[in-house]
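# Overview (structure and organization)
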Amino acid sequence: GSGNHLQRPDPLPSLMVSMQVPFTILTASEQLCSLLQYSSEELCGRTITKLHGPKTDPTYLQGAVKGAAMQSSASQLTFIYGRDGHEHEVIALSTPHMDEHGALRGCLIAFDFEPSHLPPCAADAHHEEEALPASSSSAPEASPHHPALPITHNHHSPSLVP
């Protein structure tokens, strides 16, 4: 599937679910599949709970689909899990998906895997931060440039003789 030569900014990894319980995955984007280490065949036709795990609050999904049914979008912080059980904290951004006739076909849910632009919600969210060292590469301008030395009245400046 290397046919898309359109140069456009990458959309967020996303999937589309049906509007009815149990919310079957209709399509899943390549980015989402590669991030979660699934193939699209493994996800399409399954219910979205395949991506859920211990910390997932499944109510985000009902809110997403309910919002899509009312033609509105919603965003909610949640957790989804990859094939290896790795937990991803994401923002689920849901929008109604219409076909070309304007009929509601499903709920498109895009997952923002870098929800760093959110204000930190609670102090306990930042534990074990020392796993990632802060950018240790110091800027090249670390040493202050020596300003020009002040002119000292030294003894061999004949012009300064009174």
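Residues numbered from 1 in each chain as written. Predicted model: local features only at pLDDT ≥ 70, side-chain atom pairs only at ≥ 80, totals over all residues. Heavy atoms only, no water.

### Considering the sheet that holds strand E2 (residues 25-28)
Spatially, five strands are ordered E2-E1-E5-E4-E3 in an open sheet, and the strand pairing comes out antiparallel. In this open sheet, the two edge strands, each paired with only one partner strand, are E2 and strand E3 (74-81). On average, adjacent strands in this sheet sit at an angle of 30° to one another, irrespective of strand direction. Here four bridges tie strand E1 (residues 14-17) to strand E5 (residues 104-112), and the two strands are oriented antiparallel to one another. Bridge pairing links methionine 16 to leucine 108 in E5. Lying on the sheet, helix H3 (residues 59-69) is in contact with E1, E3, strand E4 (87-98) and E5; it crosses E5 at an angle near 135°. (Pairing = 2+ DSSP bridges. Helix = DSSP H or I, 4+ residues; strand = E, 2+ residues; numbered from the N terminus. Axes fitted to C-alpha atoms, helices over the stretch in contact; angles between N-to-C directions. Contact = heavy atoms within 4.5 Å.)

### Things to note about the nonpolar core
Ranked by size, the top nonpolar core spans 25 residues in total, and within it Leu15, Val17, Ile48, Ile80, Cys107, Ile109 and Phe111 carry the most contacts. Secondary structure elements with two or more residues in this core: E1, E2, helix H1 (30-36), H3, E4 and E5. Considering each element in turn, this core owes the most residues, five residues, to H3. With residues up to four places along the chain from it excluded, the contact list for leucine 15 reads Ile25, Thr27, Ala28, Leu32, Ile48, Leu51, Cys107, Leu108, Ile109 and Phe111. (Core = buried A, V, L, I, M, F, W, Y, C linked by side-chain atoms within 4.5 Å. Buried < 20%, exposed > 50% of the residue type's maximum accessible area, 1.4 Å probe, protein only.)

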